[in-house]
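Residue-level listing of the chains:
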Amino acid sequence: MPSLGLDVYVLVFVLAAAGAWGLTALLPLQRLARPAEARLGRRRAGGLAIFAAFLLAPLLVCLVSSDLADLLASQKGETAGLLGAALMILLLGLLDDLREVDFKIKFLVQTAAAALVFVVGYRIEHVALPWGTTFSLGWAAPVLTILWLVFLTNAMNLIDGKDGVAAGVAIIVAVPLALIAASVDHPLVAAQLVAVAGACAGFLPLNLPVASRLLGDSGALLLGFLLAALAIKGSIGVTGSMFISAPIVALGFPILDTLLAFVRRLADLRHPFVPDLDHIQHRLEQRGLSDRAVVLSLYALCALFSGAALTIHYIEATGAQFLAFFAFGAAIAAVLFRLGYASSLWNSASVASVRAVLASTVGLQRHRSPPQSDERDIAYEDRPLPASKRRPF
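Keep in mind that what you see is a predicted model, and the values were worked out from it rather than measured. (Residues numbered from 1 in each chain as written. Predicted model: local features only at pLDDT ≥ 70, side-chain atom pairs only at ≥ 80, totals over all residues. Heavy atoms only, no water.)

**Brief notes about the nonpolar core**
One finds Leu-68, Leu-82, Trp-148, Leu-193, Val-196, Phe-253 and Ile-280 to be the most contacted residues of the largest nonpolar core, which totals 103 residues. Once residues within four sequence positions are removed from consideration, Ile-280 is found in contact with Phe-253, Leu-256, Asp-257, Leu-260, Leu-298, Val-335, Leu-339 and Tyr-341. (Core = buried A, V, L, I, M, F, W, Y, C linked by side-chain atoms within 4.5 Å. Buried < 20%, exposed > 50% of the residue type's maximum accessible area, 1.4 Å probe, protein only. Contact = heavy atoms within 4.5 Å.)

**A closer look at empty space enclosed by the protein**
In this structure the tally under the stated criterion is one cavity of 30 Å³ or more. Reported here for the largest cavity is a volume of approximately 30 Å³. Lining the largest cavity we find Gln-75, Glu-78, Thr-79, Tyr-122, Leu-188, Val-189, Gln-192 and Lys-233. Looking at the lining of the largest cavity, the elements with two or more residues in it are helix H5 (76–98) and helix H9 (187–203). In terms of residue count, H9 provides more of the lining of the largest cavity than any other element does, three residues in total. Counted by class, the lining of the largest cavity contains three nonpolar, three polar and two charged residues. (1 Å grid on protein atoms, 1.4 Å probe; cavity = no way out; pocket = protein on both sides within 12 Å on 5 of 7 lines; lining within 4 Å. Points joined across faces, edges and corners; volume = space filled by probe spheres on them. Helix = DSSP H or I, 4+ residues; strand = E, 2+ residues; numbered from the N terminus. Nonpolar A, V, L, I, M, F, W, Y, C, P; charged D, E, K, R; others polar.)

**A look at the sheet that holds strand E2 (residues 134–136)**
Taken in spatial order, the three strands of this open sheet run E2-E1-E3, and their pairing is mixed. With partners counted over all chains shown, the strands left at the sheet margins are E2 and strand E3 (242–243), one partner each. Relative to E2, strand E1 (residues 126–128) runs antiparallel, the two sharing three bridges. Directly across from His-126, in E2, lies its bridge partner Ser-136. (Pairing = 2+ DSSP bridges.)

**Details of the packing of aromatic side chains**
This structure, assessed with the given rule, holds five aromatic pairs. Aromatic side chains Phe-103 and Phe-273 sit 5.1 Å apart centroid to centroid with 70 degrees between the ring planes, which places their arrangement in the edge-to-face category. Here Phe-273 lies in the loop between helix H12 (252–267) and helix H13 (280–286) and Phe-103 lies in helix H6 (residues 103–120), a separation of 170 residues in the sequence. On the basis of relative accessible area, Phe-273 is assigned to the buried category, the value being 18%. With centroids separated by 5.5 Å and ring planes inclined at 75 degrees, the aromatic side chains of Phe-262 and Phe-273 adopt a geometry described as edge-to-face. Taken as a pair, Phe-262 in helix H12 and Phe-273 in the loop between H12 and H13 lie far apart in primary sequence, eleven residues in all. Joined through ring pairs, the aromatic side chains of Phe-103, Phe-107, Phe-262 and Phe-273 make up one cluster. In this structure, Lys-233 is placed above the aromatic ring of Tyr-122, and the distance from its NZ or CZ to the ring centre is 5.6 Å. (Phe/Tyr/Trp six-rings, centres within 6.5 Å; stacked < 30°, edge-to-face > 60°. Lys NZ or Arg CZ within 6 Å of the ring centre and 35° of its normal.)

**A word on the layout of surface pockets**
One number sums up the size of the second largest pocket: a volume of about 330 Å³. As for the second largest pocket, its lining consists of 17 residues, of which Leu-129, Phe-243, Ile-312, His-313 and Gln-321 are closest to the centre. For the lining of the second largest pocket, the secondary structure elements donating two or more residues are helix H11 (245–250) and helix H14 (291–314). When residues in the lining of the second largest pocket are grouped by element, the largest group, three residues, is from H14. Grouping the amino acids of the lining of the second largest pocket by side-chain chemistry returns nine nonpolar, seven polar and one charged.

**Remarks on a nonpolar patch on the surface**
Together, Leu-11, Leu-56, Leu-59, Leu-60, Leu-63 and Val-64 make up an exposed nonpolar region whose accessible area comes to about 590 Å². Broken down by element, the nonpolar patch gets its largest block of residues, three residues, from helix H3 (residues 46–61). Relative to the assigned elements, Leu-11 resides in helix H1 (residues 6–26). (Patch = residues over 30% accessible without salt bridge, like charges linked within 9 Å, V, L, I, M, F, W, Y side chains within 5 Å. Areas by Shrake-Rupley, 256 points an atom, 1.4 Å probe, with all protein chains shown as cover. Salt bridge = Lys/Arg side-chain N within 4 Å of Asp/Glu carboxyl O.)

**A look at the confidence of the model for the protein chain**
Scored by pLDDT, the protein chain has a mean of 86; 87% of the residues are at 70 or more. The low-confidence segment residues 30–42, where pLDDT is below 50, has 24 contacts with residues more than four positions distant or belonging to other chains. Confidence drops under pLDDT 50 across residues 387–393; counting only partners more than four residues distant or on other chains, this segment forms 22 contacts. (pLDDT = per-residue confidence, 0-100.)

**Description of unusual backbone geometry**
Glycine aside, a negative phi is what most residues show, and trans is what most peptide bonds show. Residue Pro-209 is joined to Val-210 through a cis peptide bond whose omega torsion reads -10 degrees. Looking at the secondary structure, you find Val-210 in the loop between H9 and helix H10 (216–234). One non-glycine residue, Asp-185, lies in the positive phi region at around 65 degrees. Structurally, Asp-185 is set in the loop between helix H8 (165–183) and H9. Although it is not a glycine, Leu-269 sits at a positive phi angle of roughly 60 degrees. Mapping Leu-269 onto the fold places it in the loop between H12 and H13. For Leu-269, a relative accessible area of 62% corresponds to the exposed category.

Okay, structure coming up:
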């Protein structure tokens, strides 16, 4: 399999960035802006621009790089399948940007797209854990692969609650995944991840707070799907096993935020798909940070996760890997405790009910809550979203 030089990766990045920036800035996409956004000149142009840049940049580089052209020709079936599935996700997101799509239909289309890439070769069949443990998934391979793809597709959409977050996070995640893919002899996957990073880099200047162009569901869902699929292919070593720890750590922020959203909603006896304003970015905002400070804080968190992923992959020393996992766990603990999630979960409806049952079982008197005030003090996370902003997540 031919390898690619640094010049090829740089050219893919530059062309993807230039293409995404040009398309984002120039395309007249007022129809993709919802009424309130249209009045502010904010258009949901992200999905179309990123998909076009991701598609065209490697093809244009093939005109000057025979190695990349040979790689695309040798893996045209897998590439066509990935592009077809990504197009399904893009069209689903565009439809949801124009009119809200029922979450059941979303899941159906996402599952179909995930099944398509599984068929063409993006599969988690054998998993390699740190320190040498390897096992086969067997019959569970298609189920877990589709769950991985659908989960991360929606996880990226879930963190797209503030200007600049999802696109910037995608860059910080795609770069280390590209380095890992190149190191395990998947140069085409590395080039595709570089194209994702470049497309987001071209889109990001118009998406930072206060954004004139929005990523939209089309862009967020597309980025999640591409990163999830390419992380599978780019993390499979010569033995055919996927080094699962590196992509999980690199994608730590969207994974953590999504799991927190589901767990706290279930703990409060709420439907896990009903949206709220209690994500990590909202908690940071609640602590008095400006929009740009929130975005930079999340970038720093993602950079920590990506650095830990690279350490786990490249450094074989057990001590270094242990420190990387410790940093990963410490960052998660900081989010849980410093932002008050641990306290919220402890005082949630279901945990409070269990505590009351245990207290009554051992004969302890349950602490009486103070009488409710007549003032309408609604907690930040319980504020209802306007109907125009509701999403299935």
